[in-house]
Amino acid sequence: QVQLVESGGGLVQAGGSLRLSCEASGGTFSTYLVAWFRQAPGKEREFVAVINRSGTNIDYAESVKGRFSISRDNAKNTVYLQINNLKPEDTAVYYCAAKPYGILLRRIQDWYDYWGQGTQVTVSS
């Protein structure tokens, strides 16, 4: 079984930065397409970013381009989400999701097979 664990969330003032981590176990991480989603209070879960298995293909939601950076270290079985210039509207639970052997970088939740439990990011103004 594939297990994903997010970490790195916290309470940060607007303008600050966080680096979220998604650590995977139970499979071959280098084959995983990995995405980040987030869900703000009272809103639907939305796509944030996705990275292919080698880190050579990346896609971001328009709302986070220029502030968020996704990367991966397959030797550490970890995908990162660097978040800079945090805004109050970034407040959400951030989830990572994986699709073993995934090729297409899709933005919909149902494409992904495994999910972590999420890490809370709270941005104060």
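The structure reproduced in this document is the subject of the present report. (Residues numbered from 1 in each chain as written. Predicted model: local features only at pLDDT ≥ 70, side-chain atom pairs only at ≥ 80, totals over all residues. Heavy atoms only, no water.)

1. Focus on the overall build of the chain
Looking only at helices and strands, the chain has zero helices and 11 strands in total. Scanning the chain from its N terminus toward the C terminus, one meets helices and strands in the order β-β-β-β-β-β-β-β-β-β-β. The globule rule puts the C-alpha radius of gyration for 125 residues at 14 Å, and the 13 Å found for the chain is close to it. The C-alpha extent of the chain, read off along each of the three principal axes, is 40 × 25 × 25 Å. Across the 125 residues in the chain, those meeting the buried criterion constitute 45%. Nonlocal contacts in the chain, meaning residues at least 24 apart in sequence, comprise 59% of its contacts between residues at least 6 apart. Carbon and sulfur atoms make up 45% of the accessible area of the chain, which totals about 6300 Å². Of note, the chain has its 13 positive side-chain charges centred 4 Å away from the centre of its 11 negative side-chain charges. (Helix = DSSP H or I, 4+ residues; strand = E, 2+ residues; numbered from the N terminus. Rg over C-alpha atoms; globule rule 2.2 N^0.38 Å. Buried < 20%, exposed > 50% of the residue type's maximum accessible area, 1.4 Å probe, protein only. Contact = heavy atoms within 4.5 Å. Areas by Shrake-Rupley, 256 points an atom, 1.4 Å probe, with all protein chains shown as cover. Lys, Arg positive; Asp, Glu negative; His and termini not counted. Charge placed at Lys NZ, Arg CZ, Asp CG, Glu CD.)

2. Section: the side chain of D90
Following the sequence through the fold, D90 ends up in the loop between strand 8 (78-83) and strand 9 (92-100). Judged by its relative accessible area of 0%, D90 is buried. For D90, the side chain forms a polar contact with the main-chain nitrogen of K87, separated by 2.8 Å. Setting aside residues no more than four positions away along its own chain, D90 makes contact with R38, R67, F68, N85, V121 and V123. (Polar contact = N/O pair within 3.5 Å; in protein donor to acceptor, adjacent residues only side chain to side chain.)

3. Remarks on the pattern of salt bridges
The final tally for this structure, using the stated rule, is seven salt bridges. Residues D90 and R67 are paired through a salt bridge, measuring 2.7 Å at the closest nitrogen-oxygen approach. Of this pair, D90 sits in the loop between strand 8 and strand 9 while R67 sits in the loop between strand 6 (58-60) and strand 7 (68-73), and the two are 23 residues apart along the sequence. With a relative accessible area of 9%, R67 lands in the buried category. With a closest N to O distance of 3.5 Å, D113 and K99 form a salt bridge. A residue pair is termed long-range when its members are at least 10 positions apart, and D113 in the loop between strand 9 and strand 10 (114-115) and K99 in strand 9 qualify at 14 residues. A residue is classified by how much of its surface remains accessible, and D113, at 43% relative accessible area, is partly exposed. Residue classification places K99 among the buried positions, given a relative accessible area of 16%. One connected set of salt bridges, linked through shared partners, spans R38, E46, R67 and D90. (Salt bridge = Lys/Arg side-chain N within 4 Å of Asp/Glu carboxyl O.)

4. Let's talk about the packing of aromatic side chains
Overall, the coordinates contain six aromatic pairs when judged by the stated rule. Centre to centre, the rings of F37 and F47 are 5.8 Å apart; their planes meet at 80°, and the pair counts as edge-to-face. Residue F37 is located in strand 4 (residues 32-39), and its partner F47 is located in strand 5 (residues 46-51); the two are separated by 10 residues in the primary sequence. Taken as a pair, F37 and F47 share a single burial class, namely buried. On the basis of an interplanar angle of 40° and a centroid distance of 6.5 Å, the ring pair of F68 and Y94 is categorised as tilted. Taken together, the residues F68 in strand 7 and Y94 in strand 9 connect sequence positions 26 residues apart. Accessibility classification places F68 together with Y94 in one group, the buried group. In this structure an aromatic cluster arises from ring pairing among F37, F47, Y95, Y112 and W115. In this structure, K99 packs its charged tip against the face of W111, placed 4.5 Å from the ring centre. (Phe/Tyr/Trp six-rings, centres within 6.5 Å; stacked < 30°, edge-to-face > 60°. Lys NZ or Arg CZ within 6 Å of the ring centre and 35° of its normal.)

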